[in-house]
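Close look at the chain arrangement
Here are the chains, one letter per residue:
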Amino acid sequence: MRFSSLQQLTLARFREFIREPEAIFWTFVFPLLLAGGLAIAFRDKAPEQAIIAVVTPSAGDSAALRTAGALTSAASVDKAPIRARQIPTDSVDDVLRTGTAALVVVAMPAGGVEYRFDPARPEARAARQQTDDILQRARGRSDVIEVRDVTVRERGSRYIDFFVPGLLGMNIMGSSIWSLAFAIVTQRNKKLLKRLAATPMSRLEYLLSFVLSRLVFLGLEVGVLLGFGAFILDVPIRGSLVTLLLVAFVGAAAFGAIGLLVSSRSRTVEGVSGLTNFVMLPMWIFSGVFFSSNNFPAAIQPVVQALPLTALVNGLREIMLQGAGLGAVWPQLAVLTAYLVVCLTIALRIFRWQ
Amino acid sequence: MTQNTAPTLALEVLDLRKSYADVVAVNGLELRVTAGQCFGLLGPNGAGKTTTIEICEGLNTADGGTVRVLGRTWDRDATWLRNRLGIQLQETQLAEKLTVLETLTLFRSFYDQGRTVDDVIELVQLGEKRTSRVNGLSGGQKQRLALACALVGDPELLFLDEPTTGLDPQSRRQLWTVVEGLKREGRTILLTTHYMDEAERLCDNIAIVDHGKVIALGTPRELIASLGADHVIRLGTAEGVTVPVTLAELLALPDVNGGREMPNGFELRVRSVQAVLPSLLGIAAQRGIAWSELSTHSATLEDVFVSLTGRELREG
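Residues numbered from 1 in each chain as written. Chains lettered and ligands numbered in written order. Predicted model: local features only at pLDDT ≥ 70, side-chain atom pairs only at ≥ 80, totals over all residues. Heavy atoms only, no water.

1. Examining the overall build of chain A
Just so we agree on the cut-off: Runs of H or I in DSSP of at least four residues are treated as helices and runs of E of at least two as strands, each being numbered from the N terminus. In this description the radius of gyration comes from C-alpha coordinates, and the expected globular size is given by 2.2 Å times residues to the power 0.38. When accessible area is computed with a 1.4 Å probe and restricted to protein chains, residues below 20% of their type maximum are described as buried, those above 50% as exposed, and intermediate ones as partly exposed. As used throughout, the charge tally considers Lys and Arg to be positive and Asp and Glu to be negative, leaving His and the chain termini uncounted. Throughout, a charge is located at the NZ atom of Lys, the CZ atom of Arg, the CG atom of Asp or the CD atom of Glu.
Along chain A, the regular secondary structure elements total 13 helices and 4 strands. Taken over C-alpha atoms, the radius of gyration comes to 30 Å for chain A, far larger than the 20 Å a tight globule of 354 residues would show. Counting only C-alpha atoms and orienting by the principal axes, one finds that chain A spans roughly 100 × 45 × 45 Å. For chain A, the residues scored as buried account for 46% of the 354 residues in total. Positive and negative charge centroids in chain A, built from 35 and 25 side chains respectively, lie 15 Å apart.

2. Concerning helix α8 (residues 203-232) of chain A
Residue and element names in this part refer to chain A. Inclusion rule: Given the number of residues in a helix, its expected span is that number minus one, multiplied by 1.5 Å. Two axes enter the definition of the bend at a residue: one is fitted to the seven residues ending there, the other to the seven starting there, and the bend is the angle between them.
Taking 1.5 Å of rise per residue, 30 residues should cover 44 Å, and α8 covers 44 Å from first to last C-alpha, within 8% of that figure. Of all the bends in α8, the greatest measures close to 30° and is centred on Phe-217. One or two steps after α8, the chain reaches Asp-234, where phi turns positive at roughly 60°.

3. Here's the deal with the confidence of the model for chain B
All names here are of chain B. Going by this rule: Every residue is assigned a pLDDT by the predictor, reflecting its confidence on a scale from 0 to 100.
For chain B, mean pLDDT is 88; residues scoring 70 or higher make up 97% of the total. The secondary structure element of chain B with the lowest average pLDDT is helix α11 (residues 301-309), at 84, and the one with the highest is helix α3 (residues 100-108), at 95. Reported confidences for the modelled complex are a pTM of 0.77 and an ipTM of 0.83.

4. Structural notes on the packing of aromatic side chains
To describe a pair of aromatic rings, one takes the distance between the centres and the angle between the planes. Test applied: The rule is short: rings of Phe, Tyr and Trp, with Trp giving its six-membered ring, pair when the centres are within 6.5 Å, and they are stacked under 30 degrees, edge-to-face over 60, tilted in between. A ring is considered to have a charge above it if a Lys NZ or an Arg CZ atom is located within 6 Å of its centre and within 35 degrees of its normal.
A complete count under the given rule lists 11 aromatic pairs over all chains for this structure. For the ring pair A:Phe14 and A:Phe217, a centre distance of 5.1 Å and an interplane angle of 20° mean the geometry is stacked. Taken together, the residues span a long stretch of sequence, with A:Phe14 in helix α1 (residues 5-18) and A:Phe217 in helix α8 at a distance of 203 residues. Given the relative accessible area of 4%, A:Phe217 is considered buried. Here a set of aromatic residues connected by ring pairs shows up, and it is made of A:Tyr206, A:Phe210, A:Phe351 and A:Trp353. The positively charged end of A:Arg317 is found above the aromatic ring belonging to A:Phe162, 3.6 Å away from the centroid. We note B:Arg172 situated over the ring of B:Tyr195; from NZ or CZ to the ring centre the distance is 3.9 Å.

5. A few points about the domain arrangement of chain A
Using the following cut-off: Domain ranges listed in this record stem from an automatic or a database domain assignment.
The assigned domain composition of chain A is domain 1 (3-42 + 158-350) and domain 2 (50-138). With centres defined by C-alpha atoms, the gap from domain 1 of chain A to domain 2 of chain A works out at 54 Å.

6. Overview of the nonpolar core
Filter applied, for reference: We define a nonpolar core as any set of buried Ala, Val, Leu, Ile, Met, Phe, Trp, Tyr and Cys residues linked to one another through side-chain atoms lying within 4.5 Å. The contact definition used throughout considers only heavy atoms, calling two residues in contact when any of these lie within 4.5 Å.
A:Tyr206, A:Phe255, A:Leu260, B:Leu104 and B:Leu301 are the most contacted members of the largest nonpolar core, which has 119 residues in total. At 14 residues, the largest contribution of residues to this core is made by helix α6 (residues 159-189) of chain A. Beyond its immediate stretch of four places on either side in the chain, B:Leu104 contacts B:Val117, B:Ile121, B:Leu145, B:Ala148, B:Cys149 and B:Val152. Formed by 30 residues, the second largest nonpolar core is a distinct cluster that contains B:Leu11, B:Leu29, B:Val67 and B:Ala207.

7. Re the packing of α1(A) against α3(B)
We count it as follows: The axes used here are C-alpha line fits, helices contributing only the stretch in contact, and every angle between their N-to-C directions lies in the interval 0 to 180 degrees. Orientation labels follow simple angle bins: below 35 degrees gives roughly parallel, above 145 gives roughly antiparallel, 65 to 115 gives roughly perpendicular, and whatever is left gives oblique. Working rule for handedness: look at the near helix, and if it is turned counterclockwise from the far one by less than a right angle, call the crossing left-handed; if clockwise, right-handed. Three residue categories are used. Nonpolar comprises Ala, Val, Leu, Ile, Met, Phe, Trp, Tyr, Cys and Pro, charged comprises Asp, Glu, Lys and Arg, and polar comprises the others, including Gly.
Direction vectors running N to C along α1(A) and α3(B) enclose 150°, while the axes themselves pass 9 Å from each other. Comparing the axis directions of α1(A) and α3(B) gives the class roughly antiparallel. When the axes of α1(A) and α3(B) are compared, the crossing they make is left-handed. From α1(A), A:Gln8, A:Leu9, A:Ala12 and A:Arg15 reach across to α3(B), where they touch B:Glu102, B:Thr105 and B:Leu106. The residue inventory of the contact of α1(A) with α3(B), partitioned by class, reads 3 nonpolar, 2 polar and 2 charged.

8. Quick look at the sheet that holds strand β10 (residues 231-236) of chain B
All names here are of chain B. Applicable threshold: Here, a strand pair is defined by DSSP locating no fewer than two bridges between the strands.
Strands sit in the order β11-β12-β10-β13 across an open sheet of 4 strands; the sheet is antiparallel. With partners counted over all chains shown, the strands left at the sheet margins are β11 (256-262) and β13 (293-298), one partner each. Between one strand axis and the next, the sheet turns by 15° as a mean value, whatever way the strands run. With 6 bridges connecting them, β10 and strand β12 (residues 265-270) associate as antiparallel partners. Within β12, the residue paired with Arg-234 across the bridge is Glu-267. The strands touched by helix α10 (residues 273-287) are β10, β11, β12 and β13; relative to β10, the strand with the most contacts, the crossing angle is about 20°. In the packing of α11 onto the sheet, the strands contacted are β10, β11, β12 and β13, and the crossing angle to β12 comes to about 110°.

9. Quick look at unusual backbone geometry
Residues and elements named next belong to chain B. Here the phi dihedral of Leu-70 falls at roughly 50°; this positive angle occurs in a residue that is not glycine. Leu-70 gets classed as buried once you look at its relative accessible area, which sits at 18%. Its identity as a non-glycine residue notwithstanding, Asp-255 has a phi of 75°, on the positive side. Mapping Asp-255 onto the fold places it in the loop between α9 (247-251) and β11. The exposure class assigned to Asp-255 is partly exposed, which follows from its relative accessible area of 38%.

10. Looking at helix α1 (residues 49-56) of chain B
Residue and element names in this part refer to chain B. By the criterion of burial, α1 is predominantly enclosed, with 7 of the 8 residues buried. Where α1 is concerned, the buried positions are Lys-49, Thr-51, Thr-52, Ile-53, Glu-54, Ile-55 and Cys-56. Looking one or two residues beyond α1, the residue adopting positive phi is Gly-58, at roughly 80°.

11. Considerations on the pattern of salt bridges
Put simply, the test is: Only one rule defines a salt bridge in this text: a Lys or Arg side-chain nitrogen within 4 Å of an Asp or Glu carboxyl oxygen.
Applying the stated rule across the entire model yields 31 salt bridges over all chains. Of the charged contacts in the structure, one is a salt bridge between B:Glu102 and A:Arg19, with a shortest N-O distance of 2.9 Å. Separated into two different chains, B:Glu102 in helix α3 and A:Arg19 in the loop between α1 and α2 (21-41) make up a pair that spans both. Both residues of the pair, B:Glu102 and A:Arg19, belong to the buried class. One salt bridge in this structure joins A:Glu123 and A:Arg121, with 3.0 Å as the shortest N-O distance. You can call A:Glu123 partly exposed: its relative accessible area is 41%. Residue classification places A:Arg121 among the partly exposed positions, given a relative accessible area of 23%.

So this is what it looks like as C-alpha cells:
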C-alpha cells in the first residue's frame, strides 16, 4: 500500500483545524458578525425626516398659532418631511444643547418666525430648508418653476459594495497568516517539528500541506462571506465567479506562504503574534480595505500597490464591481504569485525545525 | 551485510565533541554498537547522553569527531539514513487532536517502506486505543505511541532517549515488555536512561557516561563484577550525630573492598555480608554506637556509578 504523505499531512492539518471549535468561530462566525453589523449600519433607509420643535405660542397670539398649526398639519400627513413637537419657551436651549431636535421654530408676534439651529449640523440645515418651504407655501408662496425629483440608487456604488471585497481580502489575509503561524509555532514549541524532521518526510511537502489545507477552508470562508454579501447586502458580483475564486485562491496561497515565512523562526506563540501584527498592520492601513488606497500620496503609491493585500483587494473589487475578467486582473495575480514563490522559497531555507 | 567475520557495527562514534556557549556537553566520547544488540547509555542528567544521541540521529551537529551510522555519515546519506532509523525523542508532544491511528498513518506515509500501522499498534499494545485522540492517552500510552511512531518505518537501528522517564512503575514495565519484544526481533537499539534498573534489565551492553565521556563499558554483569564486591552495606546515623568511628577504620576491616562516607553514615562494598557483619557489630558494641539504619543490598549499576564518580545517578 502506497501512502501519499502530502495527502496525509494535509488531512492532519484539516482534522486538527475542525477539531478546534474556537478556530471555526474566528474563521467563519466572526466575519459574518462583522458583515452583519455593517448591514445594519448601511441598510436601506427612508429619506431622513427632519425633527423640529415649535415653541408653544401663547393663547392670544393668532399669527403664532397659525404658524404652529401649519407645521403640525404638515407633519401629520403620510411620508411627511418633518416631525414636529411643541416645547415650552424655557426649554429651547435645552433642546438645542441635547440635539433632540435639529431646529427650534419660534413664532414672532408680527407673524414672522425665528429659526434657531446649529449650522454645523447638516441635518439642521436640511430641517431649516424644509420648515421654511412649508411655512412660505402655507402663506401663499408659489414655486415659479415646476420641478420633479427622480432619485437614483446605483447598486455597486454604495459604501457596503466597496467594503465587502475589502473585507473578503482582509479575511483571507488574516485567517491564512494566523492559522499557519499559530499551528507551526505550537508544533515547534512542542518539539513535534523536531520529531518530524527526524523522519524522511519531505520538508517542502510539510510546508505545502499548510498552504493546501488553507485552500480547503478558503472555499467555505469565501463562500459564506460572498453569499452573505450577495443575498443579504445585495452586493453585486458582476464578473465571473470562477475568476473571483481563482483570485481568492491565489491570494490565500500567497498569504499562506507569508504566514510560513512569518512563523519560520519563532519559538513561542507570543513572539509570532507580534511579528504577525507587524506584517499585517501596514496592509490594514494602506491596502484600501476601508477606503480607497488612491488616497495616499503619489510618492508612496509604488509601495502601496506592491502590497499583497492591495493586489488582492483591488483584484476582487474589479471583478465584483466592474465585472473585470482574467485579462484585467493578471497584474494582481502576478503580484500574488510572486509573493507565493518568494516567501515559500525563503521559508523553506530559513525554517527552524527545532 | 558485510562478509567478514568481525561483527557489523551499527553505530560507531569516535572522539565526539560538542560544546554549547558555556558548557562542554560531550568531551571525546566513544561508542561501538554491534548490530543486533541493545546498547545503553547510562548516566545522570546533564551527562551528555541526549546531545550524543541527537548527533547520532542527525538532529544536532558535532564540533568534532566521527559518527558512522549503519556505515554511513549524515553529511552524505541523510535521506538514506532517515529511512532506516527509528527515533524517539525525549519530550515530543504529538498532535493532541489526532487519533492513534491517524498519527501512525501520518508517520507511516513518510517512509518508503515499513510495517503496517495495525501491526505496530498491536506491537505497542495500543489496540484498544486506536481511535482515541492523543490528548486522551495516559503518559505511558503516549510514550508507547511515540515508540510506535519510531517503529512504522521498520527501522534497522532504533534510538530511544529516556523512554520511561516520568512514567509510573506499571507503565515502565509495560514499555520494557515492548522493548524486549523488539530485542527478540533482533533489532539494534541505542537507549539512554538514568534508571539503572532499566539499563540492567534491557541492555546487553552499557556505557556509563559522565561529564560527556564514557567512564565504564561492559555488560551489566561485567560492570557490577568490576566493583569486586557483590553486596553493599549501608550504615546510617541519626541526623547530626557523629559516631566515634572513621571510614579508614571501616575500610580496614577484612572482606571490605571499598566504601565512602555519606552525609549521615557510611556505605561499604563487601564480598560477603556474613563475613563483615560480625566485625561491624563488634565495633559498634565496643564503642557504644547505635546505628539508626543498617541495610544491605546486592550490588547494582547504581553502586558502580557511585564507586566511579562518588555521586549518585539521581544527584545529577
